Amino acid sequence: MHSGNGESHAKIILIGEHSVVYGQPAIALPLSKVKTKVHIKDSSNGPRILHSRYFDGELKNSPTSLSGIKHLINYILEAHSMMNSSFIMTITSDLPAERGMGSSAATAIAVVRALYTYFGWHLTHSKLLQLANIAEKDIHGNPSGLDAATSASSQPVWMIKNKELFTLPINLNACLLICDSGIRGRTGEAVSSVKKRLESDPEATQALINKLGELAFAARQQIANDDPSGLGKTFNIAQSQLAALGVSNKQLDDLIKTSLAFGALGSKLTGGGRGGCFISLVRNQKSAKEIARQLRKKGVTETWIQPLGNDPEEENN
């Protein structure tokens, strides 16, 4: 019995969520220690089986929540004339779902890699992203591609949708504290509300989107200049713009204020918003651990510390 494996990881958007969908730049950071893994083994001519935290059973009977992954698997098999193949696919993930960490994109990337490894097919990076986008479109409707690109990358990513996509080295004398608010994010709801707002009040909404784009360019320059203080201020302004767009909420706002009160240089939501994760820029790991301790008292359920300097290792609190 042969087998195949695929792997990917979480992502965090440093800046540019929502506005990236409308042609503005975004910067995202891979979290290489927060992994999604897919293992495939032969099922000896039985049905195709999927094991995951959401569903265990025949792939054809998987729920609507997994329709994007089912579509992706069937698309790949049909493209390679392998619809009669049978296997057992097991998906395991460290990523919390609906927290703005790219769980769906990470799963899609890992599934594609596992299938191509299992069957011994050649896979280019561009093909990987193209295929992952099949599932992402089913799930998110009009994805920017940022999640998939970052889940497939070992380096931070700069993206302008359909225009620019390249790695952006970050060597900043600071740490990023990533916090799970404990509140399920509502990405679809937030994306839809921005779209409706753009239709009903185009001038004001476009101004907010344009400002987020300007902040992404500013953040890129601050990263290049090793300017943590400046980047922290940019985070704070970005959060005010996101709140004005209507994609924050009181719980996130309160947690972000707490992080600032305990010494964060800047804090903002990350991902779709209305829950999920937020990020705080801090001077060092010692400060990050203390701020994390205080935030846990306020309801934060999990934290990660990502050094932004020479040490690429994450530290899970």
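Residues numbered from 1 in each chain as written. Predicted model: local features only at pLDDT ≥ 70, side-chain atom pairs only at ≥ 80, totals over all residues. Heavy atoms only, no water.

Going by the annotation in an unreviewed UniProt entry, the name recorded for the chain is Mevalonate kinase, with Liquorilactobacillus uvarum DSM 19971 given as the source organism. If you open the UniProt record of the chain and go to Pathway (unreviewed entry), you find "Isoprenoid biosynthesis; isopentenyl diphosphate biosynthesis via mevalonate pathway; isopentenyl diphosphate from (R)-mevalonate: step 1/3." (UniProt positions renumbered as here; feature names shortened; annotations may be inferred.)

Peer 1: Honestly, the UniProt feature "domain: GHMP kinase N-terminal" (unreviewed entry) in the chain in this entry has me stumped. Any pointers?
Peer 2: Residues annotated by UniProt as "domain: GHMP kinase N-terminal" (unreviewed entry) correspond here to residues 73–152. Along residues 73–152, the helical share is 57% and the strand share 9%, with 18 Å between the first and last C-alpha atoms. (Helix = DSSP H or I, 4+ residues; strand = E, 2+ residues; numbered from the N terminus.)

Peer 1: What exactly am I supposed to notice about the pairing of strand β2 (residues 26–42) here?
Peer 2: Along any regular strand, the residues point their side chains to alternate faces of the sheet. Here strand β1 (residues 3–15) pairs with β2 via twelve bridges, running antiparallel. Counted as the bridge partner of I12 is L29 from β2. Note: β2 against strand β6 (residues 157–160), three bridges, orientation antiparallel. The residue of β6 that forms the bridge with A28 is V157. Where β2 lies against strand β5 (residues 87–93), seven bridges are found, and the strand directions are antiparallel. Bridge pairing in β5 links I40 to M89. (Pairing = 2+ DSSP bridges.)

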